[in-house]
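Read off the chains here:
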Amino acid sequence: MALSAQDKIMYVANKLGLSTLKDMQGSTGAVYDVDTDISGVLFSNASRHQNPNITNLTQNEFEVNEALLIETISFYAYQGNTFDVLNFQAAYGSDAVIVYDLIIGNKRVMKDTPVFAAGSPYTFANTGQKLVPGFTDPASAFVPRHQTYLEGAGILIPPQVQFYIDFRVFNVRTGAVITPTDQNLIGCYLFGTRVLLNFNTSI
Amino acid sequence: MSQISKLGYVDSKLGAPSSGQQTTRILFNTIEAPGTTSSLVFFTSFQGLTNGQTNLTANRLDSMESMVIKTIWLAQYTALGELRNFGEDSQQTLSIIVGNQQVVKDLPIQFNQGASGQAFDRLHENGGFSESVGISEQFIQTVMPMEIRLLTDIVIPPQVAFEVRVQSNNVAYGSGAAAVVCALSGYGKIFSAGNTF
């Protein structure tokens, strides 16, 4: 990342007039949610979801003086009845693709971004084929990662601003829309540098 | 020069707007039923493709948008949805043309994938391995897509046509419901009036 995470947080905070954000506790964090309604929207309905099975949020915004600088966005599949987290490729096949938007407040900040089930352009994470000498078939299958590594600058979710992800699943070969089922729900992590509320005084 | 500085530098040289939402941009384009051919050209045909096969409608970015290409990603799928090594084991070269200028020229890509992999610039990190031994199919993926990290930032300015060409010698990329996909990933700006997050 060309800008440091802290620089980016301070830059946006200054622009938004958040003068006390710099005094808060810096940390690392991730938030996640699953689209249990099969509505193509993540995080909007987090307040209705079980914690921590489905989400670790109680609403789709952070409280006063808390923020998250998103540095990686990743997707997974989720089995609704067993609460098992699955790999997206293993659940949907190599030719599936998620195309998503990230919206913060009233603004779309990530636009029509693809995450390929075969393994996305995930920066520094490619790998060769693993073969066992003497055998025709590979010894094992890959379980690719499904993430967008945010290039250049992360994206800040400021305090008290709602955020959500709009997504659809397609077959990249045929272009057909794939509708998730209860057995193959779609979940998402937003991972990055976190700002946590710190009173700096005793309460 | 950082990618942010480079994008600002090129945009200013061209008189393009430098404001906008900073973001990560991934453009992709699919060629259906590529068949056996010596030349694939991505980002020139959008007819009949859905939003799951491309996220552009023309081979250029909008007037207020630009991006820096950091990574080129290529994938080849069989008619059954199985991921294969791109171009199988054949030697291929890749070029990127922006406007009338060739900005990546005959870059060999075979080194970066599959059983012939000779990593020049990769920092290896496996996504993970399933221990089950099986024949490759749609749900058991035994290869990975091709991915090349560029060492130099390549800028696609606003409203300038671009394309990606892959040259080979009669390689079978698949027919019927088979497809090949190219994605360009990097840092970009999308139109936005107001503060950037």
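Residues numbered from 1 in each chain as written. Chains lettered and ligands numbered in written order. Predicted model: local features only at pLDDT ≥ 70, side-chain atom pairs only at ≥ 80, totals over all residues. Heavy atoms only, no water.

1. Details of helix α1 (residues 3-14) of chain B
Residues and elements named next belong to chain B.
- Between its first and last C-alpha atoms α1 spans 17 Å; for 12 residues at 1.5 Å apiece the expected length is 16 Å, and the two agree.
- By the burial criterion, the buried members of α1 are Gln3, Leu7, Val10 and Asp11. Take α1 and look down its axis: the buried residues cluster within an arc of 100 degrees, on one side only. Facing away from the buried side of α1 by more than 90 degrees, the exposed set consists of Ser12 and Lys13.
- Summarising the contacts, the buried residues of α1 are in contact with β3 (66-77), β8 (146-156) and β10 (179-190).
- One or two residues past the end of α1 sits glycine 15, with phi positive at roughly 75 degrees. (Helix = DSSP H or I, 4+ residues; strand = E, 2+ residues; numbered from the N terminus. Expected span 1.5 Å × (residues − 1). Buried < 20%, exposed > 50% of the residue type's maximum accessible area, 1.4 Å probe, protein only. Arc of directions from axis to C-beta. Contact = heavy atoms within 4.5 Å.)

2. A word on the nonpolar core
Residues and elements named next belong to chain A.
- Membership of the largest hydrophobic core comes to 44 residues, with the highest contact counts inside it found for Ile73, Phe75, Ile165 and Leu190.
- Looking at this core, the elements that each hand over two or more residues are α1 (5-16), β3 (67-79), α2 (88-92), β5 (96-104), β6 (107-116), β9 (155-157), β10 (163-171) and β12 (185-196).
- Ranked by the residues each element gives to this core, the list is headed by β3, at 7 residues.
- Leave out the neighbours within four places in its chain, and isoleucine 73 touches Tyr100, Leu102, Met110, His146, Gln147, Thr148, Leu150, Ile165, Cys188, Tyr189 and Leu190. (Core = buried A, V, L, I, M, F, W, Y, C linked by side-chain atoms within 4.5 Å.)

3. What about the environment of A:Asn106?
Residue and element names in this part refer to chain A.
- Turning to its location among the elements, asparagine 106 is positioned in the loop between β5 and β6.
- Overall, asparagine 106 belongs to the exposed group, its relative accessible area being 86%.
- A C-alpha to C-alpha distance of 9.2 Å links asparagine 106 and valine 161, two positions 55 residues apart in sequence.

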